[in-house]
Amino acid sequence: MTTNIPKVYAFPELDEVADAVADYVVYVQNHALAKPVKEKKLSSSSLNGMVTTTGTVDFKEIRRTPSVKSAGNGNVNNSSSKDLSKKPKKEARFRIAISGGSLIQVLNKGLLTRTDVKWDRWDIYFADERLVPFDSQDSNYGQAKRKIFDLIDTEKYGEPNIYHIEEDLISDPQECADRYEKVLIKGFAGRDSVKLPMFDLFLLGCAPDGHIASLFPNFQESLRENLAWVIPVEGAPSGPSKRISLTIPVICHSNRVAFVVEGATKAPVIKTIMERPEKGLPSSIVNEGAAGRVSWFVDNDALTETFVVKKKYKNRSHEKPEEETPIQQ
Ligand SMILES: O=C1O[C@H](COP(=O)(O)O)[C@@H](O)[C@H](O)[C@H]1O
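Predicted, not measured: the structure shown is a model, and the values here were computed from it.

**As for the overall build of the chain**
Part 1 of the reasoning: Summing up its helical and strand segments, the chain has 10 helices and 12 strands in all.
Part 2 of the reasoning: By residue count, 53% of the 329 residues in the chain fall in the buried class.
Part 3 of the reasoning: Nonlocal contacts in the chain, meaning residues at least 24 apart in sequence, comprise 77% of its contacts between residues at least 6 apart.
Part 4 of the reasoning: Taken as a whole, the chain presents about 15800 Å² of accessible surface, with 49% of it coming from carbon and sulfur.

Structure representation (structure tokens):
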């Protein structure tokens, strides 16, 4: 394995990590929303009935724009007077995958006070989920809902589309993973036309044992999975044992990947990830597989044991988005 050194941004305090992560997220958001929209192919009809926070979705009408708001201006239902030449332009969406764990608090601290987060244009997916009821402290969606989504001033900023697992399926990891994969397929066009989904940004944490999302070191089969977008995980060595996780190829196909890691307990694993990539920890695989698109936002405590070149983070969310070279699908 070759060594790919990602950008590592280090900060003395957690609040500074949170501010920088928020700045970066908004920067990537602005970039994504400035991209021209490609027409999406919708092929599968087997997904109706999937559940999102905004209710049960009829996927024939899956929302690429905030449909309720456009219906509210009185133009949409009047088909007889519709001027097709003035078809409303499709708006770009910001597609982000978020992890659970400590990242949720970082996003809570960094994002909620900002006025430049275009929440109504976000499609939020989960990097992984622990298969527990949503009201459990261990539920990634539950925590994100309580600490982020419920606190958004939706009157002012609108609502994001949030795609989570189906709570009814928490006893069946395989079915839960299959259903969540279908949610992704629908969101990113049919699987026949897109080999892998491409998130604008994939946000990951990294646990002291080296797991990212619900991909654990030594779970070789999961780490080598190269067909499924979402896999079931059973017998996880820490936290809830049943989970689902997006896979390494999905993570690595993202436009940008950012790890957010803080605390002295993580210092040893960061050292291994950065200095011993040949050990094949999940993060090292991502550093390699998404080389050139990976950033780390880390506090100094997590870096005490690691020799790595630290970069100074420069706020970028105010920059005008530039054209990017898209990754080939
Ligand atoms: O189990 C999980 O752990 C990882 C890392 O969590 P952290 O609290 O150490 O940052 C998290 O990213 C993942 O979503 C979660 O399910």
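**Quick word on the pattern of salt bridges**
Part 1 of the reasoning: Tallying each qualifying case throughout the model produces 13 salt bridges.
Part 2 of the reasoning: For Asp128, the salt bridge is made with Arg243, and the minimal N-O distance between the two is 4.0 Å. With a gap of 115 residues between them, Asp128 in strand 6 (residues 128-130) and Arg243 in strand 10 (residues 243-246) connect regions that are remote in the sequence.
Part 3 of the reasoning: With a relative accessible area of 3%, Asp128 lands in the buried category.
Part 4 of the reasoning: Residue Arg243 is classed as buried on the basis of its relative accessible area of 1%.
Part 5 of the reasoning: Among the ionic contacts, a cluster of salt bridges with common partners joins Lys314, Arg316 and Glu319.

**Notes on empty space enclosed by the protein**
Part 1 of the reasoning: In this structure the tally under the stated criterion is 3 cavities of 30 Å³ or more.
Part 2 of the reasoning: Of the voids in this model, the second largest cavity is the one considered here, and its volume is about 50 Å³.
Part 3 of the reasoning: As for the second largest cavity, its lining consists of Ile98, Leu107, Leu111, Trp119, Trp122, Ile124, Ile148 and Phe149.
Part 4 of the reasoning: When the residues that make up the lining of the second largest cavity are grouped by side-chain class, the tally is 8 nonpolar, no polar and no charged.

**Things to note about the packing of helix 3 (residues 102-111) against helix 4 (residues 140-147)**
Part 1 of the reasoning: At a minimum axis distance of 10 Å, the contact between helix 3 and helix 4 shows a crossing angle of 15°. Taken together, the axes of helix 3 and helix 4 lie roughly parallel to each other. The handedness of the crossing between helix 3 and helix 4 comes out as right-handed. On helix 4, the residues touching Ile104, Gln105 and Asn108 of helix 3 are Asn140, Gln143, Ala144 and Lys147.
Part 2 of the reasoning: Classifying every residue of the contact of helix 3 with helix 4 by side-chain character gives 2 nonpolar, 4 polar and 1 charged.

**Overview of the packing of aromatic side chains**
Part 1 of the reasoning: All told, the structure shown has 18 aromatic pairs when counted by the stated rule.
Part 2 of the reasoning: Their ring planes at 90° and their centres at 5.1 Å tell us that Tyr9 and Tyr313 sit as a pair that is edge-to-face. Separated by 304 residues along the polypeptide, Tyr9 in strand 1 (residues 7-11) and Tyr313 in the segment after strand 12 (294-299) bring together distant segments of the chain. Neither residue differs from the other here; Tyr9 and Tyr313 are each classed as buried.
Part 3 of the reasoning: Measuring from centroid to centroid gives 5.9 Å for Phe126 and Tyr141, while their planes differ by 90°, and the two rings are edge-to-face. Placement of the pair is Phe126 in strand 5 (residues 122-126) and Tyr141 in helix 4, with a sequence separation of 15 residues. We note that Phe126, like Tyr141, is buried.

**Focus on the state of the cysteines**
Part 1 of the reasoning: Summed over all chains, the structure comprises 0 disulfides.
Part 2 of the reasoning: Cys252 takes part in no disulfide bond, and the closest cysteine sulfur to it belongs to Cys206, at a distance of 14 Å.
Part 3 of the reasoning: Accessibility expressed as a relative area gives 10% for Cys252, which makes it buried.

**Let's talk about the sheet that holds strand 11 (residues 257-261)**
Backbone-to-backbone hydrogen bonds join strands into a sheet, with any given pair of strands oriented parallel or antiparallel.
Part 1 of the reasoning: Taken in spatial order, the 7 strands make up an open sheet running 1-12-11-8-4-5-7, and their pairing is parallel. The sheet is open, and its two borders are formed by strand 1 and strand 7 (161-162), each paired with just one other strand.
Part 2 of the reasoning: Across 2 bridges, the pairing between strand 5 and strand 7 is parallel. Bridge pairing in strand 7 links Asp123 to Asn161.

Basis of the calculations
Counting starts from 1 at the beginning of each chain's written sequence and moves along it residue by residue. Confidence filtering applies because this is a predicted model: local features only for residues at pLDDT of at least 70, side-chain atom pairs given and counted only at 80 or more, and all residues used for totals across whole chains, interfaces and linings. With hydrogens and water excluded, all non-hydrogen atoms of the structure serve as input to the side-chain values. Numbered from the N terminus, helices here are DSSP runs of H or I no shorter than four residues, and strands are runs of E no shorter than two. Each residue is assigned to one of three classes by its accessible area relative to the maximum for its type, calculated with a 1.4 Å probe on protein chains only: buried under 20%, partly exposed between the two thresholds, exposed over 50%. Here, two residues are considered to be in contact whenever any of their heavy atoms come within 4.5 Å of each other. Per-residue and other accessible areas were derived by the Shrake-Rupley procedure at a 1.4 Å probe size, with only the shown protein chains allowed to occlude residues. Salt bridges are counted wherever a side-chain nitrogen of Lys or Arg sits within 4 Å of a carboxyl oxygen of Asp or Glu. Cavity: a set of points on a 1 Å grid over the protein atoms alone where a 1.4 Å probe fits but cannot get out. Pocket: an open set with protein on both sides within 12 Å along at least five of seven lines, its lining residues, like those of a cavity, having an atom within 4 Å of a point. Grid points are joined across faces, edges and corners, and a volume is the space filled by probe spheres set on the points. Under the scheme applied, nonpolar residues are Ala, Val, Leu, Ile, Met, Phe, Trp, Tyr, Cys and Pro; charged residues are Asp, Glu, Lys and Arg; polar residues are all the others, including Gly. Interaxial angles span 0 to 180 degrees and are taken between N-to-C directions of axes, which are lines fitted to C-alpha atoms, for helices over the stretch in contact. Oblique is the label for any angle not covered by the other classes, which are roughly parallel (under 35 degrees), roughly antiparallel (over 145) and roughly perpendicular (65 to 115). Take the far helix as your reference; a near helix turned counterclockwise from it by less than a right angle gives a left-handed crossing, and one turned clockwise gives a right-handed crossing. Here a pair means two rings of Phe, Tyr or Trp (six-membered ring of Trp) with centres within 6.5 Å. Their orientation is stacked below 30 degrees between planes, edge-to-face above 60, and tilted elsewhere. Here, a disulfide means two cysteine sulfur atoms that sit within 2.5 Å of each other. Only strands that DSSP links by at least two bridges are regarded as paired with each other.

None of this, on its own, says anything about what the molecule does.
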